[in-house]
Amino acid sequence: MSERIESLLAQMTLEEKAGQLNFPVGDLFVTGPAMITAESAEFDDRIRNGTITGLFNIHGAKYTARLQRIAVEESRLKIPLLIGADVIHGFQTMFPIPLAEAASWDIEAIEESARIAARESTAVGINFNFAPMVDIARDARWGRSAEGAGEDPFYGSLVGAARIRGFQGDDLSKPYTVAACVKHIAAYGAAEGGREYNTVDMSERRLREVYLPPYKAAIDAGAATVMTSFNEFDGVPVTASKFLLQDILREEWGFNGMVVSDWASVPEMVIHGSANDTCDAAKQAIEGGTDMDMMGEAFIEHIPQLVQDGKVSMETVDHAVRNVLRLKEKLGLFDDPFRYSDEKREKTELRSRKHLSAAHDMARKSIVLLKNQNQILPLAKEGKSIALIGQLAENSAEMNGCWAYFAKPYHPISFLTGIKEKAPALTINYAEGYHLYNETTRYFDEAIEVAQNSDILVVAVGEGAVMNGEAASRAEIGLPGNQLSLLKELKRLRKPIIALVSCGRGIAIPWLAENADAILVNWALGSEAGRAVADVLFGDYNPSGKLPVTFPRSVGQAPIYYGSRTTGRPYDGDYSEPKSERIYTSKYRDEKNSPLFPFGFGLSYSTFRYSNLQISQEQITAEDRLRVFVDVENAGEVAGEEVVQFYIRDMVGSVTRPVKELKGFKKVKLQSREKQTIEFSLGANDLSFYRRDMTWGYEEGEFEVMIGGSSESVLTTKFNLIS
Ligand code: GLC
C-alpha cells in the first residue's frame, strides 16, 4: 500500500473519488458513437474540479503539459492526469497493421515495433496506450481481425506478451515507456456472424482453450491495465461480468492492475437490456470489476449517490480508486507530471530515421507471397515495362492502416513511389483503374490502355484502410467494389498479372489464386509500404511472411481456422469420389472444406525441403521432455528465411481435440543449399487441456507430431504419453 495513495484517499470526497474513475475523450477526435462532449475550456474546469481522471485521444507536449499543470497546480488534491490514446501500430512512424506484423513471425521485431510506438507517443504527452489488442479472430467477416495476431492462441499469446514488453519496458516510470492495455476482455472476436459488437456465447471450455490465453499471457507479461469488451458473454455484458473480471481476471490470474471499460460500454448496458438505467449500470459495472468508466459519464453521475444510499460500498469504490492512483504512481506522474510532455523529444522522436528504418524492416517481413507461378517474381529492375494499376498503388494514405489517427495521409511511401525509387530505369505506367469507394468504371479504359502498352501488369487491389478495424465487419469478404471486373478485363490482354493485395483479414481471392501469376499479401504496411513492396517485387528482400489467419475460399466457409475438430463424419475430399461415398459427410454441396490458403502458409523465392523427422523416444512419461528434430534445406538459389512450424494432435481425449495445435515455431535463415537440423521439445504441460471435468491437465495416449512450412504441408510421426 502506498502512503501517498492512502493519504489521498483519506482526503478525497466522494465526488473526487468518482472523478478519478471518469475518463472522457479529449477534443481532438472521437473513436466512438458520441461526439466530443466538451471544448478545451470546459475540460480545464473539470480538471480543476477533480471530476475527470484524464483525457484520451489528445496529444502534444505543450497541450498535455498545460492540462497537467491545471491538474497539479489548480485542483484541490493535485492529482496528475492519465493521457490515453490508441497507438495500435505506431504513432507517427506507422508500422504495418498488427495482423501484418503477426505475419512476420518475428517476435523480436514485433516487440521493437511496440517499443518505438511507446517512444513516439510518450514524447507527446501520452502515458496510457489502449493496446495491444489480443482478441483471437477466426471469422474473416470481423473487421478487427486487422488489429490482432490472428486465429491461434499459442501464437497470439507470444505476440501479445511481446507487445506488452515493447510498450512497458521494465519500468513504467521511464519517460519513454507507456502503460499498456490488454484488450478487449473477453472473446470480442467471437461475435456471432463476425458482425461487430454482436453477441458472444460459447462454452467455458472454448473460452478458456481459445480466447483467454492471449489475455493471460499479456497479463503475465506485466500488463498494467485491461479493457473490457463491448460484447456480452453468456448473457452478461462483459463490463459487468464478475465471472470474467473478478473470478478469472483477479482471483485466478492475480491481476492487480486497473480495468477500464471500453467506450461508453457502462451506459450501454441499458441498451443491452441488462440494466434498468445508467445508475443500475454504474452499480453493476463497478461491482462487476470495472474500475474506470471510459466515455460513459455513469460513474461520475451515480457513484456518489449510490454510496450515500448504501447501494455500493465505499470499499468497492476505494478499490477502484486505488487501482487508478496506483497506475498514476507507477507511471511516475506524482513525481513529475510533465515527464511525458517533452517538447525536445517531440522534435526528435517522431518519424526519426531509425524508427522509419525499423518500420521498413517490419514491413518487408510482413509481406506474404501466396503464389509465384513459373517464378515470375522477382522482377528485373530494367527491361520489361510495368503497368502499375490501382488506386491502392498511389494513394499513400491507405497505407497507414486502420488505426492511424496520428499519422499524416501524405506520410507513407506509396507503391508507385517505392517502385520508381527502386527501378529508375524501368518504364512504369500508372493508372488508377478503379475507385476504392464506389463502383465507377470510368477509369477502366485508361487502365486497359496502359496495360496494353506495358509488358507486365502489377495490380494493387484489396481493401482500403477504413474497410478494416472497428465497425468494419463485411458480409462479403472478397475484393471490394468492381476491382474483380477490372481484373477480368485485364486478364483478356493475356499478360502476366502480379497482384498486390491490401487487406486486414483473411480476404477471399479465389479468382486471383486461379488467374494471377503471382500474389503478394501486403496487408497495410505503414509509412514504408512502397519501399517494402519494391524490395520484395525486385528481389532485394526474399519474402518470409506466413499467414497468421486462414484465407477462405468464400465467406460461406467463415468461421474457418486450422485448429478445428474432425467431427464424426469428416470430409477432406474434392468431390471426385462417387456421390454415395460422400453424401453424408461434413461439407458444403457448393464449396470445398479446404481453405484457399491455410494458416502458416507463405512462399519464398527459395525452396525449403523438409526431411528426416525424428523424435527422441517413442513414448514419454509426464516427467520427460520429448525432443523433435527435422532437417530443413534451402534447395533454392538465394538465401531465405523459413518459419518452421511445430504442431501436435492428441488422437483421443476425454473431450474431442483439435486436429492440429501449434506448439512451437522457429524462423530460420538458410543460405542457398544450406541444411540445418531444427529442434523442438515438449512436455506433458504442452499436451494439457481442459478435460471432460474441466480440470486442466494431460491424458495418456497417442499423439501425432507434425512439422512443416505451413499448417497443411507437414511431415508426421507419432509418440505415446504413458503414465
Ligand atoms: C474504441 C475501441 C477501443 C478503443 C477505444 C478508445 O471504441 O473499441 O479499442 O481503445 O474506443 O478509442
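Residues numbered from 1 in each chain as written. Predicted model: local features only at pLDDT ≥ 70, side-chain atom pairs only at ≥ 80, totals over all residues. Heavy atoms only, no water.

### Remarks on the packing of aromatic side chains
Stated precisely, the cut-off is as follows: Centres within 6.5 Å are what make two rings of Phe, Tyr or Trp a pair, Trp counting through its six-membered ring; a difference in plane orientation under 30 degrees is then read as stacked, over 60 as edge-to-face, and the rest as tilted. Working definition: helices are DSSP H or I runs of at least four residues, strands are E runs of at least two. Numbering for both runs from the N terminus. Burial status follows relative accessibility: with a 1.4 Å probe on protein chains alone, a residue under 20% of its type maximum counts as buried, one over 50% as exposed, and anything between as partly exposed.
For the structure shown, the criterion picks out 23 aromatic pairs. Measuring from ring centre to ring centre gives 6.1 Å for Phe23 and Phe130, while their planes differ by 80°; the resulting arrangement is edge-to-face. Note that Phe23 is positioned in strand E1 (residues 22-23) and Phe130 in the loop between strand E4 (128-129) and helix H7 (153-168), a separation of 107 residues in sequence. According to the relative accessible area criterion, Phe23 is buried, its value standing at 0%. By relative accessible area, which is 1% here, Phe130 ends up buried. On the basis of an interplanar angle of 85° and a centroid distance of 6.0 Å, the ring pair of Trp523 and Phe551 is categorised as edge-to-face. Of the two residues, Trp523 is situated in the loop between strand E16 (518-521) and helix H22 (529-537) and Phe551 in the loop between H22 and helix H23 (579-582); the sequence distance between them amounts to 28 residues.

### Looking at the domain arrangement of the chain
Defined as follows: How far each domain reaches was decided by an automatic or database domain assignment. By definition in these notes, contact holds between two residues if any of their heavy atoms fall within 4.5 Å. The quantity reported as buried area is the accessible area (1.4 Å probe) lost by two parts once they are put together, taken as the sum for both. Each salt bridge in this description consists of a side-chain nitrogen of Lys or Arg and a carboxyl oxygen of Asp or Glu lying within 4 Å of one another. Definition of a polar contact: a pair of N or O atoms within 3.5 Å, with one able to donate and the other able to accept a hydrogen when the atoms are protein atoms, and with sequence-neighbouring residues admitted only if both atoms are side-chain atoms. Three classes are used, and their members are as follows: Ala, Val, Leu, Ile, Met, Phe, Trp, Tyr, Cys and Pro are nonpolar, Asp, Glu, Lys and Arg are charged, and the others, Gly among them, are polar.
Split by domain assignment, the chain resolves into domain 1 (3-28 + 37-346), domain 2 (367-596) and domain 3 (608-721). The centre of domain 2, based on its C-alpha atoms, is set 31 Å off from the matching centre of domain 3. Between domain 2 and domain 3, the residue contacts involve 10 residues of the former and 20 residues of the latter. Of the roughly 1100 Å² buried where domain 2 meets domain 3, counting both sides, 47% is carbon and sulfur surface. Together, Lys546, Tyr562 and Arg565 form the three largest contributors to the area buried by domain 2 at its contact with domain 3, with a combined 52%. The interface formed by domain 2 and domain 3 contains one salt bridge. A salt bridge links Glu642 to Lys546, with the shortest nitrogen-to-oxygen separation between them at 3.0 Å. Across the contact surface, domain 2 and domain 3 share eight residue pairs in polar contact (both at pLDDT 80 or more). Here the side of domain 2 that touches domain 3 is composed, by residue class, of three nonpolar, five polar and two charged.

### So, the environment of Gly189
Position of Gly189 relative to the elements: it lies in the loop between strand E5 (181-185) and helix H8 (204-211). In this structure, the C-alpha to C-alpha distance between Gly189 and Gly150, residues 39 residues apart in sequence, is 9.9 Å. If we skip the residues at most four places from it in the chain, Gly189 touches Asp135, Ile136 and Trp142.

### What to know about the pattern of salt bridges
The final tally for this structure, using the stated rule, is 47 salt bridges. In this structure, the salt-bridge partner of Lys174 is Asp171, at a minimum N-O distance of 3.6 Å. Linked by salt bridges that have partners in common, Glu209, Arg565, Arg657, Glu661 and Lys663 make up one network.

### Side note on the side chain of Gln168
Here Gln168 is to be found in helix H7. Here the side chain of Gln168 touches Gly222 through a polar contact of 2.7 Å, landing on its backbone oxygen. Discounting chain neighbours no more than four positions away, the residues touching Gln168 are Thr177, Val178, Ala179, Ala180, Gly222, Ala223 and Ala224.

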